[in-house]
Amino acid sequence: MTAFCVMKLLCQATRNENRYTKRFFGTLLTQTPQKRVFSPFWMAVPDPRKSTAFGLTQPLCTAEKSHMEPKRKAAFGSVGRRIPYRILHVINQDGESLGNMHRAEALKLMDQHDLKLVLLRENAEPPVYRLMTGQQIHEEQLKRAEKKKAGPKAGMVQKELSFSSAIAKNDLETKTKQIAQWIEKKYHVKVTIRQAKESNTDMFTLFDQILETVSEKASYLSKPKVTREGVSTCILRHMSDKELKAYQKMEKQKNSTVKKDENEDQKSNELHQ
């Protein structure tokens with residue numbers, strides 16, 4: 001009896017072991033193997049919080065530098081005593097070249113003549129500096145501001161018109177009408193007049209005639225000035241809404257004053273009669 005019970009227990013244990021073994025291996029066999037994707041070393045994204053000893057997580061040549069913002073151009077003015085370059089090409093206050101010299105010599109000249117150093121061309125080899133007075137710097141800054149103001153803004157259309165001071169009256173009227181059409185479209189109009197040898201007409205008088213014709217809507221963006229010998233230019237622009245209102249108000253007051261004077265003259269004549 002005892003032997004029978006022992007044999008029964010052994011058989012049951014063997015069946016349990018076979019069942020658990022099949023279940024275990026069956027689970028492994030039914031699982032689908034996961035596909036692993038290994039990224040190339042140059043496609044790996046580095047963790048910015050971790051530092052790596054080798055640069056294999058980034059390409060050897062990147063376009064990072066090409067996306068860097070360009071260096072902003074420094075404003076025109078005195079650089080003081082902060083000169084990062086050892087050798088300079090120096091120009092004196094009269095515009096004459098003094099040649100290349102060590103920055104210590106340039107600073108010495110600056111102190112001796114009570115002048116200021118201004119960077120003109122940084123990309124030159126060596127960089128070009130000029131010794132200037134405070135007044136010269138101020139005048140140059142005004143010139144640059146005027147030039148920047150006169151230049152067409154982004155998205156602004158600028159038309160150009162050029163003619164001689166000996167232009168015939170009919171031709172001048174035609175060009176003035178063209179200017180008026182451009183002004184109506186709110187374009188900037190650059191007018192260039194060349195002084196003719198056989199003409200005694202003043203170029204600035206012509207500019208005033210053109211502006212008077214379109215004065216209801218136009219004003220000077222850049223006033224008439226001589227750009228070179230025998231050539232003068234100006235730039236006209238459309239008035240702003242504020243300027244138009246001020247102009248219309250001024251014209252209304254002017255007309256009112258003229259009408260008032262005419263009425264007073266008429267009354268005075270009636271009394272004398």
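Residues numbered from 1 in each chain as written. Predicted model: local features only at pLDDT ≥ 70, side-chain atom pairs only at ≥ 80, totals over all residues. Heavy atoms only, no water.

**Q** Give me the lowdown on the pairing of strand β6 (residues 188-194), citing residues and values where you can.
**A** For β6, a buried count of five out of seven residues is recorded, marking the element as mostly surrounded by other parts of the structure. The sheet contact formed by strand β5 (residues 158-164) and β6 spans seven bridges and is parallel. Bridging from a neighbouring strand, S162 pairs with T192 of β6. Read as a crossover between parallel neighbours, the route from β5 over helix α4 (residues 169-184) to β6 is right-handed. Where β6 meets strand β8 (residues 231-238), six bridges bridge the pair, whose relative direction is antiparallel. Paired with R194 across the strands is V231, a residue of β8. (Buried < 20%, exposed > 50% of the residue type's maximum accessible area, 1.4 Å probe, protein only. Helix = DSSP H or I, 4+ residues; strand = E, 2+ residues; numbered from the N terminus. Pairing = 2+ DSSP bridges. Right-handed = clockwise from strand over helix to strand, strands pointing away.)

**Q** So what's going on with the packing of aromatic side chains? Residues and values would help.
**A** Counted by the stated rule, this structure contains one aromatic pair. Relative to F207, the ring of F204 lies with its centre 6.2 Å away and its plane at 65°, an arrangement referred to as edge-to-face. Here F204 and its partner F207 are both found in helix α5 (residues 203-213), three residues apart, which amounts to about one turn of the helix. Its relative accessible area of 29% is what places F204 among the partly exposed residues. (Phe/Tyr/Trp six-rings, centres within 6.5 Å; stacked < 30°, edge-to-face > 60°.)

**Q** Break down the sheet that holds strand β4 (residues 128-132) for me, with residues and values.
**A** Taken together, the four strands give an open sheet; going across it, the order is β2-β1-β4-β3, and neighbouring strands pair in mixed fashion. Strand pairing shows two members of the sheet lacking a second neighbour, β2 (97-102) and β3 (116-121), which therefore form its edges. Pairwise comparison of adjacent strand axes, ignoring direction, gives a mean angle of 35° for this sheet. By the bridge criterion, five bridges tie strand β1 (residues 87-91) to β2 in an arrangement that is antiparallel. Bridging across to β2, V90 finds its partner in G99. Sheet strands touched by helix α2 (residues 103-112): β1, β2, β3 and β4. Its angle to β2, the strand with the most contacts, is close to 125°. (Axes fitted to C-alpha atoms, helices over the stretch in contact; angles between N-to-C directions. Contact = heavy atoms within 4.5 Å.)

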